[in-house]
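Breakdown of the fold
Below are the chains, spelled out letter by letter.
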Amino acid sequence: IPGRIDDPNYVRIFDTTLRDGEQSPGATLTTSEKVEIARNLGRLGVDVIEAGFPIASPDDFNAVKEIADTVGREVYEDGYVPVICGLSRAFEKDISVAWDAIKGAKRPRIHTFIATSKIHMEAKLKKTPDEVVEIAVKAVKYAKSLGCDDIEFSPEDAGRSDPDFLYRVLGCAIEAGATTLNIPDTTGWNMPWEFGEVIKKLRDNVPGAENVIFSTHCHNDLGLATANSLAGALNGARQLEVSVNGIGERAGNASMEEVAMAIALKGKDMFDSQALYTGINPVYITPTSKMVEEYTGMKCQPHKAIVGANAFMHESGIHQDGMIKNKSTYEIMSPESIGLNRGNQQSGAGIVLGKHSGRNAVSTRLKELGYDLDIEKLNKVFARFKEVAEKKKGGLEDDDLEALMSDQAGVINEMWKVTGLQVMSGDAGMPTATVKMEGPDKMERYVSATG
């Protein structure tokens, strides 16, 4: 319902992967890729999909329109259908094009914006505060005149705007017909306690604030986008704008998976007396993350929270021992809960066998491979394992452990010794290797091969 959430503890998730996320340099998406991502966002259960910036290009218009006409009309069994949103500047032409793109959806929304910070108004817009208020009011009224009853208004760079001016422009936007007020920390400037206070003061001082939903749109320039979004929720924001994998302008946006799982795990206890929750179905987090990663070419760093390659990996021997005994010792959520399958390994799941690994982890994995060693043989294998792990980056795979086992459980074959090894390769010519070995008769033999 535009401007209203009947359950005061429910937090809407507004996903801007297809708009702000695609503004990441090099993250251009085709129309078909956008539609596929939008469909996955629907399965994920996001409340609002910002499908794009329709006036930006014909391709963007077509993508938004197709998402509105397809994903925006696919009603799930429980009655859920995502709101499809189009972004527009506060110009009539932008707003008309956005409405043409989204009006086929069952729940269309126009999101219009204008900058309100002093530096933006003076240096970029070259407008006075009075002119900015007038433009904002006209934009919201025009969107409403087109037949749109769900209008989101954003004062760009709100995080650096004068509070009194924000009270004024937002109050005028509400009076003109805005149903959601989105408060962007456009440059990632605010601290969490600072941004939370901004939301609180706006809710306390904007005329008509009780009739709209307050939203956050936080950027990650200081690495605080997720923290700022949660601070906003703590102080009454009931829509959080996010993107999958946190992609977006510059350092990106608040990460959808981080915000969603933080509320899922901590929403009942850590937001004063509010028991916050979202409509996100977390088992679709990993598939959606992988799809966005593949289609945009924007790879996640391995240590990225929730969806990074290392997010559920453990190499330290102390951690591995705890994981083998009880996974809750070092995992606050299971990978399965976000749609990540550990595979067939149960006790050793998520364990990377590297130079920091302990004896228990190596022994457990060997047992899973079918080797039940006595303590003497295990000690020999573990000693050899440590030698190899010191030199091998990325950890030892099962094949490496099999090789250690085939080496007589750690007993070095003294009958043959490698006495020389030479390998030559390059970008021209045939790679060649020569190996020399001394046999039990103390005679040296060698063989060369190419390939």
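See above for the structure.
Notes on the structure in this doc start here. None of these values were measured; they are calculated from a predicted model.

Let us now look at the sheet that holds strand 9 (residues 417–424). A sheet is described by the order of its strands in space; here three strands give the open sequence 9-10-11, paired in antiparallel fashion. Looking at the sheet topology across the chains shown, the edges are occupied by strand 9 and strand 11 (444–450). Across the sheet, the mean angle separating the axes of adjacent strands is 10 degrees when strand polarity is ignored. In this structure, strand 10 (residues 432–438) lies alongside strand 11, joined through seven bridges in antiparallel fashion. Bridging across to strand 11, Glu 438 finds its partner in Glu 444.

Restricting attention to buried positions, one finds in helix 9 (residues 256–266) the residues Met 256, Glu 257, Val 259, Ala 260, Met 261 and Ile 263. Packing partners of the buried residues in helix 9 comprise strand 1 (12–15), helix 1 (31–44), helix 8 (225–234), strand 8 (239–242) and helix 10 (285–296).

Now for the sheet that holds strand 5 (residues 151–156). Taken in spatial order, the eight strands line up as 1-2-3-4-5-6-7-8 and close into a barrel, and their pairing is parallel. For this sheet, the mean inter-axis angle between neighbouring strands, taken without regard to orientation, is 25 degrees. With six bridges joining them, strand 3 (residues 83–89) and strand 4 (residues 108–115) adopt parallel strand pairing. Within the sheet, the bridge partner assigned to Gly 86 lies in strand 4 and is Ile 110.

The set of residues buried in helix 11 (residues 317–325) consists of Gly 317, Gln 320, Gly 322 and Met 323. Those residues of helix 11 hidden inside the fold are in contact with helix 12 (359–368).

Next up on the list: the packing of aromatic side chains. The tally for this structure, following the rule as stated, stands at three aromatic pairs. Judged by centre distance (5.2 Å) and plane angle (70 degrees), the rings of Tyr 10 and Tyr 277 are edge-to-face. Of the two residues, Tyr 10 sits in the segment before strand 1 while Tyr 277 sits in the loop between helix 9 and helix 10, which places them 267 residues apart along the sequence. Measuring from centroid to centroid gives 6.0 Å for Phe 382 and Phe 385, while their planes differ by 20 degrees, and the two rings are stacked. Pair noted here: Phe 382 and Phe 385 are both in helix 13 (residues 375–391), with a separation of three residues, about one helical turn.

Basis of the calculations
- Residues numbered from 1 in each chain as written.
- Predicted model: local features only at pLDDT ≥ 70, side-chain atom pairs only at ≥ 80, totals over all residues.
- Heavy atoms only, no water.
- Pairing = 2+ DSSP bridges.
- Helix = DSSP H or I, 4+ residues; strand = E, 2+ residues; numbered from the N terminus.
- Axes fitted to C-alpha atoms, helices over the stretch in contact; angles between N-to-C directions.
- Buried < 20%, exposed > 50% of the residue type's maximum accessible area, 1.4 Å probe, protein only.
- Contact = heavy atoms within 4.5 Å.
- Phe/Tyr/Trp six-rings, centres within 6.5 Å; stacked < 30°, edge-to-face > 60°.

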